[in-house]
Every structure is written in structure tokens, then in C-alpha cells.
Amino acid sequence: MMDIVSRMMMPLVRRLDPEDAHRLALNALLLGLGGGDGSGGDDPALAVRAMGLRFANPIGIAAGFDKNALVVRPLARAGFGFVEAGTVTPRSQAGNPRPRLFRLEEDRAIINRMGFNNQGIDRFAVRMARLHRVAPSGRHAGARVPVGANLGINKVGADPDRDYPLLVGRVKHYADYIVINLSSPNTPGLRDLQNAARLQTLLQAIAEAHPDRPPLLVKLSPDLAPDEIGPIVEAAIAGGAQGLTVTNTTISRPADLRSVHAGESGGLSGRPLRARAMEVFREVARAASGRLTLVACGGIETGADIVDRIRAGADLIQLYSAFAYEGPSILRRLKRETVRALNAEGFETLADAKGTAR
Ligand SMILES: Cc1cc2nc3c(=O)[nH]c(=O)nc-3n(C[C@H](O)[C@H](O)[C@H](O)COP(=O)(O)O)c2cc1C
């Protein structure tokens, strides 16, 4: 079934306006067309333990694909090892005017300036709560994988020290982990919250309001200067965060982009982000030296990319753009390639490989 979706639908989907294509993809997932990955369970070599949670494989769907927590279960069924829903903001908001999503086909990249279009925390929290509903048989209905909630602030009327604690309170009983998104380039002022002193106050406000929260991660930009990274890592630890997600999209534009859309404003993701995301990840991993859970993201599209990030110190990885281009069949490919890449580099399991090239 998944091959039907990937082989027949993806070429059609790619001809649509990108935002219509995204809506179609969500509907296909809702209808059960995301299928299963056909693996009949993941290779035990791919299992990960992180943040006190078990992951059957390390591959997560990055934030932004399922902003409203509509297709968490179908994404898990398609073979993701975890799902991060959001970014969700306190109030619903429309986001930026369309067009705001561009496929850079020749570059295998995406530029987006969506601007946190989402239905708001009330509807999000109801859907997250429903994921915990127990079927009459006494078992959870559908696939169970760790689910994260990615939180952000509204464009208008935001007060981060009030809003992030409020959002954490609304999801803390339903999310397996929480991400504070401080790195979208499409909400004015958001990335300033990555300043180390500012970050520590924000994390303290959350810690005071919610000492009982699930593991908390901070999602960082690939556009941080090298000298900012050490202080941010220390502030995250001092503020009680469990981990970092590295990275979000970049506002930089590599000189070799070929697509006509390369000049659009917004965040760039996909293949041209890979080198920069990897470089920033390495610096973060060195600074953290084993003290934080690290989720690597940005330009990941092969099993070799996954093993590279794990060897550089990642616990888990996420992708968005490669999934948007390839569809659900990418999961089976990535898992097969990851096991092969591990073996080729002389490792049996991801756990053996972790941090060996930090
Ligand atoms: C269309 C689109 C929307 C996104 N929305 C969000 C978002 O709401 N919150 C967030 O933290 N990241 C968002 N991202 C960033 C991704 O989660 C990810 O960090 C980035 O795309 C790099 O990964 P990739 O190269 O595999 O796409 C978005 C990315 C894209 C392409």
C-alpha cells in the first residue's frame, strides 16, 4: 500500500501547489493511505533509549508537518519511530499570506515562511489527550510511539515568559516530551530568545510553573554564531532542559542554489541545509559532551546521514523535507540503509555507534 502511495501519488503530489500537496498528504494519512512500512517491526539494531523513553527506531517526523496533531497515529503506523506535533501557539493564527511554501526541486530543498499557521493550543491539547484513550479491549488503539509537542508563540501579543509556561501546562500530561521552539525564522523576535541569559530565564519560568513536566528540549537555529553555542548549551543545562534539537531551517542561501525560488524569503531546509546543520550539530555535541539528549535534524535523506549524526553524538534524528519529496516509502529505505551503514562501519547497533565520532 505504501509503495502505491509513494510510486503513484508522489509524482502527482509534486505537481500540485506545495501547500495543496501538503493538505492532500495529511488527508491521505487520515484515510489510512500512509500504510505501514512493511517491516513487521523494526530491526532491534535500530532501537534507542533516550529521555527515559523507548524508540523502536531513531527516525522522527520533524515539527511543522503535523502542526495540529491531526495525523500522529498514521505517521507512527507509516514507520516513524516518534512524532513531533506542532508548532502550536496559544491562540490559533492564520500565518503569513500565501504563497509561503516553495519547492526548490533542483536543489532537493524547501523554503517556507508559513509563520506558525495553526489551530491553537485548545484544539491541539484535545487531540493529544485523545491519543491516550484506551480502546474497549483495554489496549491503546493504533501505533504507540513517543509523541512530542513543539511549542511556539503568537505573532501578535506574545509574552514568552507567560506563554511558554502556559503551553507546557496544557500538554504536560499528554506529551512524552516537549520542545520549546526558539528558532523559526518566520516569527519576528523569536530567535532572540536563544540568547543564553534570556534562555535561562525562560527555562526557569517553565521549571517554576511546572516542576512535574516531561523532558524538555530546546530547538535551535543553524544560523547561530559558533561563539554563541557554548553559552546556550550551558544555559539549557542550568535551566533544567533535558536536550536540544539541532537544527531548524536556515535564513542563509548557499551560493550554489539553482531553483528559481532560491530568492524567496523564509527558512531553507533539505539537502542544502545538510552541511551547515551537521556543523552546528557537531559544535553543540562537543559543548554538551554527553550531558544532554540530542536530536539531529536538517538535510537528512540517507542511512549514511543518520549514522553520521548518531556517530557525532545524536540520540535521535528527524526529517521533514526528504519525507515531503519521497513520501512514506522513505522510511523503509532509511531503515535498510541505516543497518547497512552501521555494519559497513563495523557497528552492530546504533547504541554501539553513538558518539564514536564526537
Ligand atoms: C514547511 C515547513 C514547515 C515547518 N514548520 C516548523 C514548525 O512549525 N516548527 C518547527 O520547529 N520547525 C518547523 N520546520 C522545520 C523542520 O522541523 C526542520 O527543522 C527543518 O525542515 C530541517 O529539516 P529537513 O532538512 O529534514 O527538512 C518546518 C519546515 C518546513 C519545511
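Rules used in this analysis
- Residues numbered from 1 in each chain as written.
- Predicted model: local features only at pLDDT ≥ 70, side-chain atom pairs only at ≥ 80, totals over all residues.
- Heavy atoms only, no water.
- Buried < 20%, exposed > 50% of the residue type's maximum accessible area, 1.4 Å probe, protein only.
- Helix = DSSP H or I, 4+ residues; strand = E, 2+ residues; numbered from the N terminus.
- Pairing = 2+ DSSP bridges.
- Right-handed = clockwise from strand over helix to strand, strands pointing away.
- Salt bridge = Lys/Arg side-chain N within 4 Å of Asp/Glu carboxyl O.
- Near = heavy atom within 4 Å.
- Polar contact = N/O pair within 3.5 Å; in protein donor to acceptor, adjacent residues only side chain to side chain.
- Nonpolar A, V, L, I, M, F, W, Y, C, P; charged D, E, K, R; others polar.

Caption draft 1: Here's a closer look at the pairing of strand β13 (residues 316-319). Of the two faces of β13, both are covered, the one formed by L316 and Q318 as well as the one formed by I317 and L319. As defined by bridge partners, strand β3 (residues 59-61) adjoins β13 across 3 bridges and the pair is classed as parallel. Bridge pairing in β13 places G60 opposite Q318. Here strand β12 (residues 293-297) runs beside β13; their pairing, made up of 3 bridges, is parallel. By the bridge assignment for β13, C297 is matched with Q318. In this view, the connection linking β12 to its parallel neighbour β13 by way of helix α9 (residues 303-311) has right-handed handedness.

Caption draft 2: Region of interest: the pattern of salt bridges. In the structure shown here, the tally under the stated rule is 21 salt bridges. A salt bridge links D122 to R170, with the shortest nitrogen-to-oxygen separation between them at 2.8 Å. Here R170 lies in helix α5 (residues 160-171) and D122 lies in helix α4 (residues 121-130), a separation of 48 residues in the sequence. Overall, the relative accessible area of 48% leaves D122 in the partly exposed class. Residue class for R170 comes out partly exposed when judged on its relative accessible area of 31%. The partner of R333 in a salt bridge is E337, and the shortest N-O contact between them spans 3.0 Å. On the criterion of helical spacing, the pair formed by R333 and E337 is a turn pair, its members being 4 residues apart in helix α11 (residues 329-344).

Caption draft 3: Molecular detail of the site of the ligand. Taken together, 23 residues sit near the ligand, with A63, T87, G270, G299 and S321 positioned nearest. One of the backbone N or O atoms of A63 is found 2.7 Å from an oxygen atom in the ligand. The set of elements that each furnish at least two residues to the shell around the ligand consists of β6 (109-112) and β11 (267-270). Of the residues belonging to the shell around the ligand, the class tally is 8 nonpolar, 13 polar and 2 charged.

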